[in-house]
Amino acid sequence: MNIAFGCDHAGYKLRDGIINFVESLGHRVIDYGTHSAASCDYTEIAGAVSGAVSSGEVQRGILMCGTGIGMSIAANKFRGVRAAVCWNREVAKLCAEHNNANILCLSARFSKPEDIQDMIEAWIKTPFSPEARHRQRVEKIGKLEEKMCKGRK
Ligand code: RB5
């Protein structure tokens, strides 16, 4: 699968390790930066990655900032994006299984590198549940989005 990756300066030190890890799982990574430790706005990176997911250019995205929160707030403004901030393997597994999350948001400052790898692996390898209740809920998220974004492109 094609997976877009992006982080701000907080995630800069961890970025290469994450990209290598995702590639080692057999996926293609499209890198949206940031490419230096200089301070930057997470909104720009979240916009680029979420735009790629929203348009279908990539299947999924991974975003990382200090907490993962700014990235997730920005990402969830995009049509069709379901971005989830995760903090352990089980939560990462559940956001794939129950919420069909297509963007994983990670914290560079509050998660350990080995836990980050665990979360990425669980999220990538866990399929969306076939159970009707989860499918219906995610469909309802799409309907909320349509209702709230009526008239917007
Ligand atoms: C940058 O210092 C920090 O605010 C950012 O990485 C992120 O945690 C915001 O949600």
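Residues numbered from 1 in each chain as written. Predicted model: local features only at pLDDT ≥ 70, side-chain atom pairs only at ≥ 80, totals over all residues. Heavy atoms only, no water.

**Student:** So what about the nonpolar core? Which residues, and what values?
**Tutor:** Counting residues in each nonpolar core, the largest one holds 25 residues, and the members touching the most others are Val 22, Ile 62, Leu 104, Leu 106, Ile 120 and Trp 123. Every element with two or more residues in this core is listed here: strand E1 (2–7), helix H1 (12–24), strand E3 (60–65), helix H4 (89–97), strand E5 (103–107) and helix H5 (113–125). Other than its neighbours up to four places away in sequence, Ile 62 contacts Ile 3, Ala 4, Phe 5, Gly 6, Val 22, Val 49, Leu 104, Leu 106, Ile 120 and Trp 123. Membership of the second largest hydrophobic core comes to 17 residues, among which are Ala 4, Ile 30, Ala 52 and Ala 75. (Core = buried A, V, L, I, M, F, W, Y, C linked by side-chain atoms within 4.5 Å. Buried < 20%, exposed > 50% of the residue type's maximum accessible area, 1.4 Å probe, protein only. Helix = DSSP H or I, 4+ residues; strand = E, 2+ residues; numbered from the N terminus. Contact = heavy atoms within 4.5 Å.)

**Student:** Provide a residue-level description of the environment of Val 138, including the pertinent values.
**Tutor:** Inspection of the secondary structure puts Val 138 in helix H6 (residues 132–148). Val 138 sits in the buried class, given a relative accessible area of 10%. Linking Val 138 and Asn 99, residues 39 residues apart in sequence, is a C-alpha distance of 6.2 Å. Residues within four places of Val 138 in sequence aside, it is in contact with Arg 82, His 98, Asn 99, Asn 100 and Phe 128.

**Student:** Give me the lowdown on the packing of aromatic side chains, citing residues and values where you can.
**Tutor:** Here the structure, examined in full by the defined rule, presents 0 aromatic pairs. The positively charged end of Arg 60 is found above the aromatic ring belonging to Trp 123, 4.6 Å away from the centroid. (Phe/Tyr/Trp six-rings, centres within 6.5 Å; stacked < 30°, edge-to-face > 60°. Lys NZ or Arg CZ within 6 Å of the ring centre and 35° of its normal.)

**Student:** Could you give an account of the packing of H4 against H5, naming the residues involved and the relevant values?
**Tutor:** Put simply, H4 and H5 touch, their axes get as near as 8 Å, and they point 25° apart. The angle between the axes of H4 and H5 places the two elements in the roughly parallel class. The two elements H4 and H5 meet at a crossing, and its hand is right-handed. In this structure, H4 contributes Arg 89, Ala 92, Lys 93, Cys 95 and Ala 96 to the contact, and H5 contributes Asp 118, Met 119, Glu 121, Ala 122 and Trp 123. Of the residues belonging to the contact of H4 with H5, the class tally is 6 nonpolar, no polar and 4 charged. (Axes fitted to C-alpha atoms, helices over the stretch in contact; angles between N-to-C directions. Parallel < 35°, antiparallel > 145°, perpendicular 65-115°, else oblique. Left-handed = near helix turned anticlockwise from the far one by under 90°. Nonpolar A, V, L, I, M, F, W, Y, C, P; charged D, E, K, R; others polar.)

**Student:** I'd like a description of the state of the cysteines, backed by residues and values.
**Tutor:** One pass over the full model with this rule turns up 0 disulfides. Free of any disulfide, Cys 7 has its nearest cysteine sulfur in Cys 40, 7.4 Å distant. For Cys 7, a relative accessible area of 0% corresponds to the buried category. Here Cys 65 is not cross-linked by a disulfide; its sulfur's nearest cysteine counterpart is in Cys 105, at 7.3 Å. (Disulfide = S-S within 2.5 Å.)

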